[in-house]
Amino acid sequence: MVKKERIGRRQVLQLGAAVAASWSGLRTTWAAWEPPESAMPVQIQVDLSRPPLHPTNPLLTGTNMPWMYGSEGMMDPQGHVRDAMMARAREWSPPVIRYMAGESVRGFRWRQGVGPQAERPVVKPDANQQAQRILFGTKEFLETCEALGSVPLIEVNMYEGQEADLPREVGDWVRYANSSDLRSQRTGRLLPKVRYWELGNEPYVRDSRGPDGRANPEFFRPAQFARRLNAAMAAVRSADPSARIGIPFALDTLSGRSWRPNSEPATVVGEQLGYADKLLSALDRPQDVDFLSLHFYMPLVSGDGPELLARLPNDEALYWGTVAGSETLRRHLQTVAEFWEQHPR
């Protein structure tokens, strides 16, 4: 019987930051958007004199930084950090930064983002993105974390390439980040080590067929994905025993209720149903999982560009959906923790 104190009883879950990608069409739409004249003013008062209700984990608050487009404008096309962008980032200084930002992991090979920027190969992430160099590679990411005082978290591409090559790809990346004495170009100091490694992003939302009916090369059934996790987890542990490993996780329901009302997008789709149980049953060493990456959107409104704007509900529905978010999240985390604790593995 596997003991599970590491998840469920001691700092149970780490909520993976779930931030929607801002692709060009959506950016253009929002850039032209103006708030309505009837917008309701809102004031929020925070009483800092009251003691906190309970300790909080600062790592639950953070942001994503993808590699594409110089991390979406953090760097200019020549690979130089924009001072104004860095100054705004320092105003927040996010406690943790996740490198990749979900779906931007597609087409990413970490070795292509190493070395002099001008000599890095031109790569094309996917059909919807421009061909470009990885200007914001691992070292640039760690230099940003150093500048902001943020804890680095790296998301690993688990969907492309041969399964037999995955351990070397992952293990070499961990060694490069944590054992090669990378130094900051800005300060000359050793860059922070990457303690947190997240293995994959949302495999449970991938169908076996794409919109065109063709087979989806990024589709893995839970047991197949578990095999990849087993190989990657062993590689991370071998390269750095102190590393903390996280896996993408989702239940078929949200806080005990179906996530499919009115044909809305599901958390777990199609052939992925039963993902949590099937995945956990197929892991060799579930005790090596240090945190779960849970993606939670509240309220959930999906679509791109004009389609997204057209699907937005009225202001009152958005308000109540947002207000309900904290309680829904609390119940969902409780449900996930109970599932993990009660699972036979």
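If you're wondering where the values come from, they're calculated on a predicted model, not measured in any experiment. What you see as residue numbers is a count from 1 along each chain, following the sequence as written. For a predicted model such as this one, the threshold for reporting local features is a pLDDT of at least 70, and the threshold for listing and counting side-chain atom pairs is 80 or more; totals across whole chains, interfaces and linings nevertheless cover every residue. Hydrogen atoms and water are omitted, and side-chain values are computed over all heavy atoms in the structure.

Asks: Before we move on, can you summarise the overall build of the chain with the specific residues and values?
Replies: Helix and strand counts for the chain stand at 10 helices and 10 strands. Counting every position in the chain, which comprises 345 residues, the buried fraction comes to 43%. The contact criterion used throughout is that any non-hydrogen atoms of two residues lie within 4.5 Å. A separation of at least 24 residues holds for 76% of the contacts in the chain among residues at least 6 apart in sequence. Numbering goes from the N terminus for both helices and strands, where a helix is a DSSP run of H or I of at least four residues and a strand is a run of E of at least two. We call a residue buried when its accessible area falls under 20% of the maximum for its residue type, exposed when it is over 50%, and partly exposed in between, using a 1.4 Å probe and counting protein chains only.

Asks: For the pattern of salt bridges, give the residues involved together with the corresponding values.
Replies: Salt bridge, as applied in this entry: a Lys or Arg side-chain nitrogen positioned within 4 Å of an Asp or Glu carboxyl oxygen. Tallying each qualifying case throughout the model produces 19 salt bridges. Between Glu160 and Arg109 there is a salt bridge; the shortest N-O distance is 3.6 Å. Taken as a pair, Glu160 in the loop between strand E5 (151-156) and helix H5 (166-179) and Arg109 in the loop between strand E2 (96-99) and strand E3 (122-123) lie far apart in primary sequence, 51 residues in all. Its relative accessible area of 25% is what places Glu160 among the partly exposed residues. By relative accessible area, which is 28% here, Arg109 ends up partly exposed.

Asks: Outline the packing of helix H6 (residues 222-239) against helix H7 (residues 275-282), supporting the account with residue identities and numerical values.
Replies: For helices, the fitted line uses only the C-alpha atoms of the stretch in contact; every axis is such a line through C-alpha atoms, and the angle between N-to-C directions lies from 0 to 180 degrees. One can describe the packing of H6 onto H7 by two numbers: an axis separation of 8 Å at closest approach and a directional angle of 40°. Considering their axes alone, H6 and H7 lie oblique with respect to each other. Viewed along their axes, H6 and H7 form a crossing whose handedness is right-handed. Contacts from Pro222, Ala223, Phe225, Ala226, Leu229 and Asn230 in H6 reach Tyr275, Lys278, Leu279 and Ala282 in H7. Here the nonpolar group is Ala, Val, Leu, Ile, Met, Phe, Trp, Tyr, Cys and Pro; Asp, Glu, Lys and Arg are the charged ones; every other residue, Gly included, is treated as polar. Its residues placed into classes, the contact of H6 with H7 shows 8 nonpolar, 1 polar and 1 charged. We call two directions roughly parallel when the angle between them is under 35 degrees, roughly antiparallel when it is over 145, roughly perpendicular when it lies between 65 and 115, and oblique otherwise. By definition, turning the near helix anticlockwise from the far helix through less than a right angle yields a left-handed crossing, and turning it clockwise yields a right-handed one.

Asks: Could you give me a rundown of the side chain of Ser184, with the residues and numbers involved?
Replies: Note that Ser184 resides in the loop between H5 and strand E6 (196-199). Residue class for Ser184 comes out buried when judged on its relative accessible area of 4%. In this structure the side chain of Ser184 is engaged in a polar contact, spanning 3.1 Å, whose partner is the backbone nitrogen of Thr187. Under the rule applied, a polar contact is a pair of N or O atoms within 3.5 Å (in protein, one hydrogen donor and one hydrogen acceptor; residues adjacent in sequence only if both atoms are side-chain atoms).

Asks: Tell me what's going on with a nonpolar patch on the surface, and back it up with residues and numbers.
Replies: By definition, no residue in a patch forms a salt bridge, and every one has over 30% relative accessible area; like charges are joined within 9 Å, nonpolar side chains (Val, Leu, Ile, Met, Phe, Trp, Tyr) within 5 Å. Computed by Shrake-Rupley with a 1.4 Å probe, the accessible areas treat only the displayed protein chains as cover when residues are assessed. On the surface, a nonpolar cluster with roughly 520 Å² of combined accessible area is contributed by Val42, Ile44, Val46 and Leu48. Following the sequence through the fold, Ile44 ends up in the loop between helix H1 (24-31) and strand E1 (62-65).

Asks: Give a detailed account of unusual backbone geometry, specifying residues and quantitative values.
Replies: The phi dihedral of Asp181 is positive, around 55°, even though this residue is not glycine. One can find Asp181 in the loop between H5 and E6. Non-glycine residue Glu202 carries a positive phi angle of around 50°. Relative to the elements of secondary structure, Glu202 occurs in the loop between E6 and H6. Residue classification places Glu202 among the buried positions, given a relative accessible area of 15%.

Asks: Can you lay out the pairing of E6 for me, pointing to particular residues and giving the numbers?
Replies: Neither face of E6 is open: one carries Tyr196 and Glu198, the other Trp197 and Leu199, and all of them are buried. Strands are treated as partners if at least two bridges between them are detected by DSSP. Where E5 meets E6, 4 bridges bridge the pair, whose relative direction is parallel. Opposite Val156, over in E6, you have Leu199 as the bridge partner. Crossover handedness is defined by viewing with both strands directed away from the observer: a clockwise path from the first strand over the helix to the second marks the crossover as right-handed. Regarding topology, H5 serves as the crossover connection from E5 to the parallel E6, and that connection is right-handed. Across 3 bridges, the pairing between E6 and strand E7 (residues 244-248) is parallel.

Asks: I'd like to hear about the nonpolar core, residue by residue, with values.
Replies: Counting residues in each nonpolar core, the largest one holds 63 residues, and the members touching the most others are Tyr99, Trp173, Trp197, Leu199, Leu229 and Phe249. Among the elements that take part in this core, H6 stands out by supplying 7 residues, more than any other. Definition of nonpolar core: a set of buried residues of the types Ala, Val, Leu, Ile, Met, Phe, Trp, Tyr and Cys, connected through side-chain atoms within 4.5 Å. Residues Leu59, Leu153, Tyr196 and Phe291 belong to the second largest nonpolar core, which totals 5 residues.

Asks: Give a detailed account of the environment of Asp252, specifying residues and quantitative values.
Replies: With respect to the helices and strands, the residue Asp252 is situated in the loop between E7 and strand E8 (253-254). Judged by relative accessible area, Asp252 falls into the partly exposed class, the value being 33%. Between the C-alpha atoms of Asp252 and Ala276, which are 24 residues apart in sequence, the distance is 7.9 Å. Separated by 2.8 Å, the side chain of Asp252 and the backbone nitrogen of Gly274 make a polar contact.

Asks: Describe in detail the sheet that holds E1, supporting the description with residues and values.
Replies: Taking strand neighbours across the sheet as the criterion, the 6 strands line up as E1-E2-E5-E6-E7-E10 in an open arrangement whose pairing is parallel. The sheet is open, and its two borders are formed by E1 and strand E10 (291-293), each paired with just one other strand. Looking at each pair of strands side by side, their axes are set apart by 25° on average, direction ignored. Relative to E2, E1 is paired through 4 bridges, and the arrangement is parallel. Across the sheet, Asn64 pairs through a bridge with Arg98, a residue of E2.

Asks: Quick one: what's the story with the packing of helix H3 (residues 83-92) against helix H4 (residues 138-148), residue by residue and with numbers?
Replies: At a closest axis distance of 10 Å, the pairing of H3 and H4 adopts a crossing angle of 55°. For the element pair H3 / H4, the angle class is oblique. Both H3 and H4 take part in a crossing whose hand is right-handed. Touching Met86, Ala89 and Arg90 of H3 are Thr144, Ala147 and Leu148, all from H4. For the contact of H3 with H4, the residue count by class is 4 nonpolar, 1 polar and 1 charged.

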